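Close look at the chain arrangement
The primary structure of each chain is shown beneath.
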Amino acid sequence: MTTELDMDAVAHRAKSGHAALQHHFATLAAANQALTADTDTSYSTTSATGSCAYVFVYLQVDCLMKFADGTNLQFNGKGMVAGLGATGSLGGSCTFNMPPSSLIGASGITFEASSIGIVAGGFQVTWYKDHRYIGHGEFVGVGVQLGTPGGGWGSFS
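Note that the structure is a prediction, hence the values are computed from the model and not measured.

Quick word on the nonpolar core
Ranked by size, the top nonpolar core spans 26 residues in total, and within it Val-61, Met-65, Phe-75, Trp-127 and Phe-156 carry the most contacts. Of all elements in the fold, only β1 (43–67), β2 (72–86), β3 (90–96), β4 (109–115), β5 (121–129) and β6 (132–141) reach the threshold of two or more residues within this core. Ranked by the residues each element gives to this core, the list is headed by β1, at 8 residues. In contact with Met-65, other than residues within four places in its own chain, are Thr-45, Ser-47, Ala-48, Thr-71, Asn-72, Leu-73, Phe-75, Cys-94, Phe-96, Trp-127 and Phe-156.

A word on the side chain of Thr-45
Relative to the helices and strands, Thr-45 is located in strand β1. Given the relative accessible area of 12%, Thr-45 is considered buried.

Thoughts on the confidence of the model for the chain
Residues at a pLDDT of 70 or more form 77% of the chain, whose mean pLDDT is 81. Of all helices and strands in the chain, the one with the weakest mean pLDDT is helix α1 (residues 7–31) (73), whereas strand β7 (residues 150–156) scores best (93).

Some remarks on a nonpolar patch on the surface
A surface patch of nonpolar side chains, about 560 Å² in accessible area, is lined by Val-55, Phe-56, Val-57, Met-80 and Trp-153. Counting residues per element, the nonpolar patch draws most heavily on β1, at 3 residues. When you line up the elements, Met-80 lands in strand β2.

Cut-offs used in this document
- Residues numbered from 1 in each chain as written.
- Predicted model: local features only at pLDDT ≥ 70, side-chain atom pairs only at ≥ 80, totals over all residues.
- Heavy atoms only, no water.
- Core = buried A, V, L, I, M, F, W, Y, C linked by side-chain atoms within 4.5 Å.
- Buried < 20%, exposed > 50% of the residue type's maximum accessible area, 1.4 Å probe, protein only.
- Helix = DSSP H or I, 4+ residues; strand = E, 2+ residues; numbered from the N terminus.
- Contact = heavy atoms within 4.5 Å.
- pLDDT = per-residue confidence, 0-100.
- Patch = residues over 30% accessible without salt bridge, like charges linked within 9 Å, V, L, I, M, F, W, Y side chains within 5 Å.
- Areas by Shrake-Rupley, 256 points an atom, 1.4 Å probe, with all protein chains shown as cover.
- Salt bridge = Lys/Arg side-chain N within 4 Å of Asp/Glu carboxyl O.

This is the structure we're talking about:
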């Protein structure tokens, strides 16, 4: 059995992938013009747990976050990914650039989830509201790992 690579197809995929990423980052840059590197306005969790599971093309991300002001946020996200696996409930930490209470019931919430590394197992989640960056979380545990990165939509309650 001989496998030949169609280099024209590979070049086309690379070019198409580049164009899609370039468009994605340009759109994110335009949507986040007011974002600064100032972290004095960040809101970090006092405790957080999260789990991530994916079965073939279905992705499920659940996070429970507690903040010093007494706000509790629960995130439930669904999306698309290619793969099979689950993390179980992991401990973590999250930081947002807007008051957590303002996210409860907010519309336009999307997320990206991916693995955080090979040695320390776990996953990370980056959240957006109306295509604007709003926060990031990292959840870790021994011996757990995600495969393919994925993303989708969700809500805070």
